[in-house]
Structures are given as C-alpha cells and as structure tokens.
Amino acid sequence: MITIRQAGPGDFELVAGFIRKLAEYEKLAHEVRFDDDVLRDHLFGERPAAEVLIGEVDGVPSGFALFFQTFSTFEGKPGIWLEDLFVEPHARGAGLGRALLARLAALVLERGGARLEWNVLDWNELGQGFYRSIGAAHVEGWERWRMEIAAIEALSRGV
C-alpha cells in the first residue's frame, strides 16, 4: 500500500538521507554541502522555504518530493516547483513516484495554481519517459518540464 504524507521535523534525518541518495543517483554527491541545522531551519523552521512529502510503501519510507511555491506572471497564478523527486530502487515500479506527483498535482489545484514544473537531467531517459507517461512535456528551448492544468487534473484524479 502506498501512502503520501507531509514531512515534519522528526523526518529531518530521513529527508537528508534521501537528498544524499538522490545526489548519488544523479552523480552529484560531490555537490551536496548543506549544513544540517540550516537545512532543517529552511524546511521546518519558523518560515519554511520548501515543503517535503514522504512516500511510503507498506509503511516503509521509500521516497520523497521536495517542492516550493512559484508564481507565473503570464498565468497570474501560483505554481509548484518540484526541486527533488527520489524513489528508492527497491520501490521503483510500485507507483510511488506517480503517487508523489499526483499529490503535488492535487496541491497545485488546492492552492489555485496553474503549473507543476521541474528540471530533469538530459541523460535521464528513464525519468523523461516516466514524465511523458503522466502528461508532462519538455518546454522547447528550456531544460524544464511542466504539467499544464489538464494533465494536473488528470494526475490528481489518479488517471
């Protein structure tokens, strides 16, 4: 069974571990240099700069999505920027990545937003294929991915 929940301060070590595992997967571990106290404050302090969802498979934390609010002047509405999405190798294929993105899509709608956007590494063909399968599209001229409202609505309904 897959569950998605909002991370809290007690999840800090779990979130930090997921960030490090993501960096290893992306071959960017050498770029991880956050200070635990600073990151903790930015995620769970008085004025959080980002939010985190934890994805669990059968009660075991197996992935996360770290995101923050954006704003589109062209749309005149807020959106969500997905900074990091990671699913443990043992949980891939179980639908956890899709469930995390579906929850983000639902949050976009709940918050009156228009877009869900993120970047993907150009070599990550597996990720790109997954994103296409949920209705996202590459934005020409940019290395950015976006879900427009129809795809957000469909994903939030689990379609």
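Here the residue numbering is sequential within each chain, running from 1 through the sequence in written order. Totals for whole chains, interfaces and linings use all residues, but because this is a predicted model, local features are given only for residues with pLDDT of at least 70 and pairs of side-chain atoms are given and counted only at 80 or more. The basis for every side-chain value is the complete set of heavy atoms in the structure, and neither hydrogens nor water enter the calculation.

**Student:** Describe the packing of aromatic side chains, with residues and values.
**Tutor:** Each Phe, Tyr or Trp ring, with Trp reduced to its six-membered ring, pairs with another whose centre is within 6.5 Å; inter-plane angles below 30 degrees give stacked pairs, above 60 give edge-to-face pairs, and intermediate values give tilted ones. Scanning the model with the defined rule gives 5 aromatic pairs in all. Both rings, one in Tyr25 and one in Trp123, keep their centres 6.0 Å apart while their planes meet at 50°; by these two values the pair is tilted. Of this pair, Tyr25 sits in helix α1 (residues 12-25) while Trp123 sits in the loop between β5 (115-118) and α4 (125-133), and the two are 98 residues apart along the sequence. Measuring from ring centre to ring centre gives 5.5 Å for Phe130 and Tyr131, while their planes differ by 50°; the resulting arrangement is tilted. Going along the chain from the N terminus, every DSSP run of H or I of four or more residues is numbered as a helix, and every run of E of two or more is numbered as a strand.

**Student:** So, the packing of α1 against helix α2 (residues 36-44): which residues are in play, and what are the values?
**Tutor:** A fitted line through C-alpha atoms serves as each axis, taken over the contacting stretch for helices, and the angle formed by two N-to-C directions is quoted from 0 to 180°. Orientation of α1 relative to α2, taken along the N-to-C sense of each, is 110°, at an axis distance of 11 Å. Judged by the angle between their axes, α1 and α2 are roughly perpendicular. Across from Phe12, Glu13, Val15, Ile19 and Arg20 in α1, the residues of α2 making contact are Asp36, Leu39, Arg40, Leu43 and Phe44. Three residue categories are used. Nonpolar comprises Ala, Val, Leu, Ile, Met, Phe, Trp, Tyr, Cys and Pro, charged comprises Asp, Glu, Lys and Arg, and polar comprises the others, including Gly. In the contact of α1 with α2, the residues fall into 6 nonpolar, no polar and 4 charged. When describing relative orientation, an angle under 35 degrees is termed roughly parallel and one over 145 degrees roughly antiparallel, while 65 to 115 degrees is termed roughly perpendicular and anything else oblique. Note on contacts: a residue pair qualifies if any of its non-hydrogen atoms lie within 4.5 Å across the two residues.

**Student:** Explain the layout of surface pockets residue by residue, including any values.
**Tutor:** For cavity detection a 1 Å grid was placed over the protein atoms alone, and a set of points counts as a cavity when a 1.4 Å probe fits there but cannot get out; an open set counts as a pocket when protein lies on both sides within 12 Å along at least five of seven lines, with lining residues being those that have an atom within 4 Å of a point. Grid points are joined across faces, edges and corners, and a volume is the space filled by probe spheres set on the points. In this structure, the largest pocket encloses a volume near 1100 Å³. Residue lining of the largest pocket: 40 residues in total, with Leu22, Glu26, Asp84, Leu85 and Phe86 positioned closest to the centre. Listing elements by their share of the lining of the largest pocket, those giving two or more residues are α1, α2, β4 (77-87), α3 (96-110) and α4. Partitioned by chemical class, the residues of the lining of the largest pocket number 26 nonpolar, 7 polar and 7 charged.

**Student:** Tell me about the pairing of strand β3 (residues 60-72), and name the residues and values.
**Tutor:** Strands were regarded as paired on the criterion that DSSP finds at least two bridges between them. Across 7 bridges, strand β2 (residues 51-57) lies against β3 in antiparallel orientation. Within β3, the residue paired with Leu53 across the bridge is Ala65. Direction of pairing for β3 relative to β4: antiparallel, over a ladder of 10 bridges. Directly across from Phe67, in β4, lies its bridge partner Leu82.

**Student:** Would you mind going over the nonpolar core in detail, with residue names and values included?
**Tutor:** For this analysis, a nonpolar core means a set of buried residues of the types Ala, Val, Leu, Ile, Met, Phe, Trp, Tyr and Cys, connected via side-chain atoms within 4.5 Å. Accessible area is worked out with a 1.4 Å probe on protein chains only. A residue is then buried under 20% of its type maximum, exposed over 50%, and partly exposed in between. Ranked by internal contacts, the top residues of the largest apolar core, which has 27 residues, are Leu101, Leu104, Leu116 and Met147. Examining the composition of this core, we find that 8 residues originate from one element, α3, more than from any other. Counting 16 residues, the second largest nonpolar core, distinct from the first, contains Phe12, Ala16, Ile19 and Leu22.

**Student:** Describe empty space enclosed by the protein, and please don't skip the residues or the numbers.
**Tutor:** Evaluation of the coordinates by the stated rule reveals 1 cavity of 30 Å³ or more. The calculated volume of the largest cavity comes to roughly 40 Å³. What lines the largest cavity is simply Gln69, Pro78, Gly79, Ile80, Val108, Arg111 and Gly113. Per-element accounting of the lining of the largest cavity gives the leading share, 3 residues, to β4. Classifying every residue of the lining of the largest cavity gives 3 nonpolar, 3 polar and 1 charged.

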